[in-house]
Amino acid sequence: MILMEHIIREGHPTLRTRAEEVTFPLSVEDRQLAEDMLQYLKNSQDSEIAEKYNLRGGIGLAANQVNCLKRIFALHLTDDAGELVSFVAINPKIVSHSVEQTYIESGEGCLSVDRAIPGYVPRYARITAKFMTIDGEEKKIRLKGLPAIAFQHELDHLNGIMFYDHINEKEPFAPIPNSTPFERV
Ligand code: N9Y
Ligand code: NI
């Protein structure tokens with residue numbers, strides 16, 4: 001079971017290292033890691049389990065964050081239509097994206113960052129992405145809104161990029177061109 005003590009924090013070099021492609025069929029360890037990552041998100045969103053184990057709530061988790069340099073991340077959240085978006089993505093790629101951008105109005109956070117960093121994080125509003133599933137099937141999906149934002153936050157982790165790398169240093173809340181904000185409820 002993944003716990004907070006397993007999540008590495010800012011300053012750890014693994015967060016700044018590009019993760020490696022995963023080969024198929026998955027090894028037993030890779031499959032276990034992928035399943036554990038998705039389970040962490042589910043546990044962290046279950047108030048009883050989260051309280052019991054002191055888990056910080058998350059909608060996404062990348063392998064780098066548990067100190068593993070493999071191109072694997074998990075997402076578990078509901079989209080703006082109230083549909084559950086829940087999957088593990090292996091060797092993910094954005095194949096196309098909108099010109100339009102978006103950003104979370106209140107800024108982003110990260111389970112590997114124990115401080116609030118103010119500012120807008122520009123993201124593509126819509127993406128088309130490809131990835132492999134745990135069972136070795138190729139998936140192609142279209143995402144918008146929060147799932148699209150979260151996908152980009154996780155893909156960044158696999159490339160050693162942190163959300164605050166995208167914040168305008170001089171003016172953190174400078175308007176994002178061509179964008180519609182995502183408002184948190
Ligand atoms: C976990 C992050 C990933 C998200 C950050 C912005 C988009 C993806 C995460 C810190 C604590 C809160 C939590 C969060 C949330 C956001 C919107 C609506 C509802 C993965 N991470 N969080 N960050 N929750 N809940 O670092 O889930 O943002 O790499
Ligand atoms: Ni993060």
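Trainee: Tell me about the coordination of the nickel ion (ligand 2), and please be specific about residues and values.
Mentor: The coordination sphere of the nickel ion (ligand 2) contains the protein donors Cys110 (SG), His153 (NE2) and His157 (NE2), at a distance range of 2.1 to 2.4 Å. Taken in chain order, the donor set of the nickel ion (ligand 2) reads C-x42-H-x3-H. Of this pair, His153 and His157 are both found in helix α3 (residues 145-158), four residues apart, which corresponds to roughly one turn of the helix. A single burial state applies to His153 and to His157, both of which are buried.

Trainee: Just give me the short version of the site of ligand 1, but keep the residues and values in it.
Mentor: The environment of ligand 1 is made up of 17 residues, and the closest members are Ile59, Gln65, Leu111, Glu154 and His157. One of the backbone nitrogen or oxygen atoms of Leu111 is found 2.9 Å away from an oxygen atom of ligand 1. Here His157 contributes a side-chain N or O atom positioned 2.9 Å from an oxygen atom of ligand 1. Per element, the largest residue contribution to the shell around ligand 1 is five residues, and it comes from α3. Residues of the shell around ligand 1, tallied by class, amount to six nonpolar, seven polar and four charged.

Parameters and conventions
Residues numbered from 1 in each chain as written. Chains lettered and ligands numbered in written order. Predicted model: local features only at pLDDT ≥ 70, side-chain atom pairs only at ≥ 80, totals over all residues. Heavy atoms only, no water. Donors = N, O, S within 2.8 Å, 3.2 Å for Na, K, Ca; no water. Helix = DSSP H or I, 4+ residues; strand = E, 2+ residues; numbered from the N terminus. Buried < 20%, exposed > 50% of the residue type's maximum accessible area, 1.4 Å probe, protein only. Near = heavy atom within 4 Å. Polar contact = N/O pair within 3.5 Å; in protein donor to acceptor, adjacent residues only side chain to side chain. Nonpolar A, V, L, I, M, F, W, Y, C, P; charged D, E, K, R; others polar.

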